[in-house]
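A look at the structure
If you want the building blocks of each chain, they are given just below.
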Amino acid sequence: MDKKNKKSKLKSVLNPLNLSGKAFVYVYALILIIPLTFAIITAFKTRAELTLNPIGFPESFSFDNFVTAWIDGDLLNATKNSVIITGVSLLIQTATIIFATFHLDCIRDTKIGTFMYMLLISSMFIPSVCAVTGLALRRRLGLYNNLIGEIICGSTLSAFGVFIVSGAVRSLPKEMREAAQMDGAGDFYYMAKIMTPLVKPAITTVALLNFTSKWNDSLGAILTLRDEKLWTIPMSLLLNFKGQYSVRHEIMFAGLIMTSIPLIIAYCVCQKHFVAALTGSVKG
Amino acid sequence: MTQDRKVKLKKKYNMVWKHVIWLLPFYGVWFLFSVYPQLEVFPMSLYEWNPVTNVKEYVGLHYYEMMFGLRLDSTLQNTWNTILYVIYLLGIQSILAMILTVALRRNTRHNRFFRAFFFMPMVFSGSMVCLTWSYMYDANLGVINNILALFNPEKYPGVSFFGINAIAVLCAVIVHIWHNMGHPITILTSGFNTVEEDLAEAAQVDGATKWQSFWKIEIPLMLPTIMRMVLLTILTGAMASSYQVLLGNLSAVADYDTFGSLLYKSILSATDYGPVCALSVCMFFVVGGITLIQFVALRKIEDKILG
């Protein structure tokens, strides 16, 4: 039996289809790596080397570009803004999602509960074209060109988040809620101490997705944060290093690499959650 | 007994309202920032609207007449670019994702690593990805041009990839795919995992070849997942704006804006929000139309195949 298995395994490995599949995977991996490699190489080049020798290796590795990028791009200030905006709005939004999901779940058997849930969910399938009116609204409300506005608008209820978390909450047995109530647990206690830990994977998933989208948002922030002091990391990379007439590639890439390192570390640490995040969106 | 029941019902009734009242503030904020602006787009497309002073003046269908009169050519070009973007994205990304998923479907260590690796670009910001790729595409310093120059120094470097709009759109789509490949792969992998391997094995025992069992058993079973991926791809393609906006540079000669990127650029430079609202309304119907058509079409295909 074992021998047979081994034989069929060998056969399947040597199958031309499998081999071409493997080749395909490696070629695609190469396509992924090439731009990143060139970005890293370029970050170590001087301006002269870049023009003379665009695709070769630099002669010496110096970190001058990184220092220039950090100072010229005002990346310290940008990091501060990014951390404030992303951190606060992520915390508030996640709490909002948990809270709303809990209350929606409590009334999910009633007509009004179903209606409210469907109202929120159906908004996911309607193409959103509200950027311009949303911007005008924020101007009117004084939420334009300041960090508070960015935080408030980033903390609103997210239909996608509620969708994923309520999928997990629905799978919890109803008896648990009743038992908790019997033992005298109030709504808030049940939500915070019993429900939340049980649906932690779903919440982590949603929080991670929201984190990357907030942290990486550049186009939305460019519309609302006009003041240079308020720029976030992706914005300052884009607006400082990609001038209208000249692009200083070597400094730009130094900045890009520096600011991407935290993300790469975050990805390596919770890579499983990142991937589960997207799978969750299907299962939910 | 009935008294008891009534009290119980009333209590339940009160409980429901308590939850609804708790929910109201959240729904209020959500409505204010997500729903109200979406509704406001439609009436405001009929006004001349200064964003700074907030003065509105009724102009009727003037902006629509402009869009389908004087500027008809560029409107058609944008519509065509949007369709092209969706077609490219759907064609290239779905096929690539399908091949990669099938190649990586066995849950070995090697395959898990590559699946996670293909996912990695998604954690980078759009601006980082686009800056990297605009360097790759750059006419003079760009990597692609310089590598081509090794083979044909007379023609390269100096070729702009953004000269012809069909190619420029393709360039944007390539970046889009490079950035987001992890998504369809993850969706398809989770779909393949739900298909029971026993079925395919049973078919093979009954004499079906691997190829047959793949096309006749696994693909039909996977169909709902594939449909979901297609739906998602089309929607993101039709709404996409960031790659066209961020890749744009001086060497961009061709008009390769899709509706999404055109909308964004016009918001950025607008002194009158009226025409932008009209464009938003237009985009709403184009994207809504695309979504609706493919939704109906996919339903029909699904019904036909699944019988």
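Quick caveat: nothing in here was measured; it's all calculated off a predicted structure. (Residues numbered from 1 in each chain as written. Chains lettered and ligands numbered in written order. Predicted model: local features only at pLDDT ≥ 70, side-chain atom pairs only at ≥ 80, totals over all residues. Heavy atoms only, no water.)

**Description of the overall build of chain B**
Selection criterion: Each helix is a run of H or I in the DSSP string that is no shorter than four residues. Each strand is a run of E no shorter than two, and both are numbered from the N terminus. Restricting the calculation to C-alpha atoms gives the radius of gyration, and the globule rule supplies 2.2 Å times the number of residues raised to the power 0.38. Throughout, a contact is declared for two residues whenever any of their heavy atoms are within 4.5 Å. Surface accessibility follows the Shrake-Rupley procedure with a 1.4 Å probe radius. Residue values consider only the protein chains on display as shielding. None of His or the chain ends enter the tally, which takes Lys and Arg as positive and Asp and Glu as negative. Here the site of a charge means atom NZ of a Lys, CZ of an Arg, CG of an Asp or CD of a Glu.
From N to C terminus, chain B includes 13 helices and two strands. Relative to the globule expectation of 19 Å for 307 residues, the C-alpha radius of gyration of chain B, 26 Å, shows a markedly less compact shape. When its C-alpha atoms are laid out on the principal axes, chain B stretches across 95 × 75 × 35 Å. Relative to all contacts within chain B whose residues are 6 or more apart in sequence, the contacts with residues 24 or more apart total 66%. Accessible area for chain B stands at about 15,500 Å²; split by element, carbon and sulfur atoms hold 67% of it. Put simply, chain B has 22 plus and 19 minus side-chain charges, and the middle of one group is 15 Å from the middle of the other.

**Considerations on the overall build of chain A**
Put simply, the test is: Relative accessibility decides the category of a residue: with a 1.4 Å probe and only protein chains considered, values under 20% of the type maximum give buried, values over 50% give exposed, and everything between is partly exposed.
When you go through chain A residue by residue, the secondary structure sums to 16 helices and zero strands. A total of 284 residues make up chain A; the buried ones form 49% of that total. Taking as baseline every contact in chain A between residues at least 6 positions apart, the subset at least 24 positions apart corresponds to 69%. As displayed, chain A offers around 14,400 Å² of accessible surface, 67% of which is attributable to carbon and sulfur atoms.

**Comments concerning the packing of aromatic side chains**
Where we set the bar: Between the rings of Phe, Tyr and Trp (Trp by its six-membered ring), a pair exists once the centres lie within 6.5 Å; its type follows the angle of the planes, with under 30 degrees stacked, over 60 edge-to-face, and the other angles tilted. Throughout this description, the term charge over a ring refers to an Arg CZ or Lys NZ atom that lies within 6 Å of the ring centre and within 35 degrees of the ring normal.
Throughout the structure, instances matching the rule amount to 25 aromatic pairs over all chains. Ring plane angle 20 degrees and centroid distance 6.5 Å describe the contact between Phe192 of chain B and Phe214 of chain B, whose orientation is recorded as stacked. Here Phe192 of chain B, found in helix H8 (residues 182-194), pairs with Phe214 of chain B, found in helix H10 (residues 210-239); they are 22 residues apart in sequence, far enough to count as distant. Here a set of aromatic residues connected by ring pairs shows up, and it is made of Tyr26 and Tyr28 of chain A together with Phe113, Phe114, Phe117 and Phe118 of chain B. Directly above the aromatic system of Tyr144 of chain A lies the positively charged group of Arg139 of chain A, at a separation of 4.4 Å from the ring centroid. Above the face of the Tyr190 of chain A ring, Arg177 of chain A is positioned so that its terminal group lies 5.0 Å from the ring centre.

**Here's the deal with the domain arrangement of chain A**
To keep it simple, the criterion reads: For the domain bounds, the source is a domain assignment made automatically or taken from a database.
Once the domains are mapped, chain A shows domain 1 (14-62) and domain 2 (73-248 + 255-283). For domain 1 of chain A versus domain 2 of chain A, the distance between C-alpha centres works out to 34 Å.

**A look at the interface of chain A and chain B**
Basically, it comes down to this: A 1.4 Å probe defines the accessible area here, and the buried area is the portion of it lost by two parts on being joined, summed over both. What counts as a salt bridge is simple: a side-chain nitrogen of Lys or Arg found within 4 Å of a carboxyl oxygen of Asp or Glu. Pairing of N or O atoms within 3.5 Å defines a polar contact, subject to two protein rules: one partner must be a possible hydrogen donor and the other a possible acceptor, and residues neighboring in sequence count only if both atoms are side-chain atoms. Each residue gets one of three labels, nonpolar for Ala, Val, Leu, Ile, Met, Phe, Trp, Tyr, Cys and Pro, charged for Asp, Glu, Lys and Arg, and polar for the others, Gly among them.
At the junction of the two partners, chain A supplies 86 residues and chain B supplies 86 residues. Carbon and sulfur atoms supply 79% of the area that chain A and chain B bury against each other, a total of about 8,100 Å² over both sides. On the chain A side of the interface with chain B, the three residues burying the most area are Tyr28, Val129 and Leu219 of chain A, jointly 9% of the side's total. Where chain A packs against chain B, one counts two salt bridges. At the surface where chain A touches chain B, the tally comes to 15 residue pairs in polar contact (both at pLDDT 80 or more). It is helix H2 (residues 16-43) of chain A that contributes the most residues to the side of chain A that touches chain B, 17 residues altogether. Each residue belonging to the side of chain A that touches chain B can be placed in one class, and the counts come to 58 nonpolar, 20 polar and eight charged.

**Considerations on the side chain of Asn78 of chain B**
All names here are of chain B. Structurally, Asn78 is set in helix H3 (residues 72-103). By relative accessible area, Asn78 is classed as buried at 4%. Sequence-distant contacts of Asn78, that is, excluding residues within four places in its chain, are made with Asp255, Asp257, Thr258, Phe259 and Leu262.

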